[in-house]
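Structural overview
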Amino acid sequence: RSIWISSLAVVLAAAAGLPLGIALALATFPGKRWVIAAFRAGMALPTVFVGVVCYAMFSRQGVLGPLELLYSPWAIVIGEFVLAFPIITAITHGAVKALDPRVGETALTLGAGPFRRWRTYISEARVGVVLAVLTAFGRCVTELGIAMMVGGNIKNHTRTLATATALETGKGEFARGIAMGVVLLVIALSVTIVIVLLSREDKE
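Below is a summary of the structure that appears in this document. (Residues numbered from 1 in each chain as written. Predicted model: local features only at pLDDT ≥ 70, side-chain atom pairs only at ≥ 80, totals over all residues. Heavy atoms only, no water.)

Before going further, it helps to spend a moment on the nonpolar core. By size, the foremost hydrophobic cluster in this structure holds 33 residues, and its most contacted members are Val10, Phe58, Ala84, Ile88, Ala136, Phe137 and Val150. For this core, the element with the highest residue contribution is helix H7 (residues 126-141), accounting for 9 residues. Setting aside anything within four residues of it in sequence, one finds Val150 in contact with Gly51, Cys54, Tyr55, Phe58, Leu70, Tyr71, Ser72, Ala75 and Ile76. One finds Ile22, Ala25, Ala95 and Val96 within the second-largest nonpolar core, a separate group that totals 7 residues. (Core = buried A, V, L, I, M, F, W, Y, C linked by side-chain atoms within 4.5 Å. Buried < 20%, exposed > 50% of the residue type's maximum accessible area, 1.4 Å probe, protein only. Helix = DSSP H or I, 4+ residues; strand = E, 2+ residues; numbered from the N terminus. Contact = heavy atoms within 4.5 Å.)

Our focus in this paragraph is the environment of Ser72. Topologically, Ser72 is positioned in the loop between helix H3 (47-58) and helix H4 (73-97). Residues Ser72 and His157, spaced 85 residues apart in sequence, show a C-alpha to C-alpha distance of 7.2 Å. With sequence-adjacent residues up to four places away left out, Ser72 is seen in contact with Val150, His157 and Thr158.

As a further point, take the packing of helix H1 (residues 2-26) against helix H2 (residues 32-42). Angle between the axes and distance between the axes: these two values describe a pair of packed helices. The geometry of H1 relative to H2 is characterised by a closest axis approach of 11 Å and an angle of 145° between their N-to-C directions. The element H1 and its partner H2 pack so that their crossing is left-handed. Contacts between H1 and H2 pair Leu20, Leu24 and Ala25 from the former with Lys32, Val35 and Phe39 from the latter. Residue composition of the contact of H1 with H2, grouped by class: 5 nonpolar, no polar and 1 charged. (Axes fitted to C-alpha atoms, helices over the stretch in contact; angles between N-to-C directions. Left-handed = near helix turned anticlockwise from the far one by under 90°. Nonpolar A, V, L, I, M, F, W, Y, C, P; charged D, E, K, R; others polar.)

By the element assignment, Leu198 lies in helix H10 (residues 174-203). Expressed as a C-alpha distance, the spacing of Leu198 and Val130, which sit 68 residues apart in the sequence, is 8.4 Å. Residues in contact with Leu198, not counting those within four places in the same chain, are Val127, Val130, Leu131 and Leu134.

Tracing the sequence through the fold places Thr165 in helix H9 (residues 161-170). A residue is classified by how much of its surface remains accessible, and Thr165, at 15% relative accessible area, is buried. Separated by 2.7 Å, the side chain of Thr165 and the backbone oxygen of Leu161 make a polar contact. (Polar contact = N/O pair within 3.5 Å; in protein donor to acceptor, adjacent residues only side chain to side chain.)

Structural data, given as structure tokens:
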């Protein structure tokens, strides 16, 4: 459940964040610096804050209350989407911004349309794009605040590894808590190792 919830949230965030990150790198408009600064600040959003905002939106009195998403896996997906979206957008912007300007000029000269040019940017900045997605996934799969507040930690429904770890530790089941924590640690370390390897490859 932890894997599919976080994976879906990151896929949706990538679908929205990658095009926006490329657009921010290429476009020029008033206030662009502030928009980029906002996305960079969003990379450090506290998960508890996101959880509180989502809870307010999904509760019965909230804007999205009629959808009855509170305490469902979809509420966690939306919360983690909010967490992952600025991460993917900001890192993608940085990766595309660092490309040689001649990449786009060459694609345009060869007659590539807008869609093909954007594919070219993603291809050329693929290491940065993968880093963005992996960083977002690592943040989502290990977060606790969103899953606890809008998921409710319901057994066989919204309980994730992070919330289960907190629950078992709170019950005094330290062995189970540590075991689940180790699984989370392995996932986080695996993502970190891949990020480090890709970063070294990029520098080479």
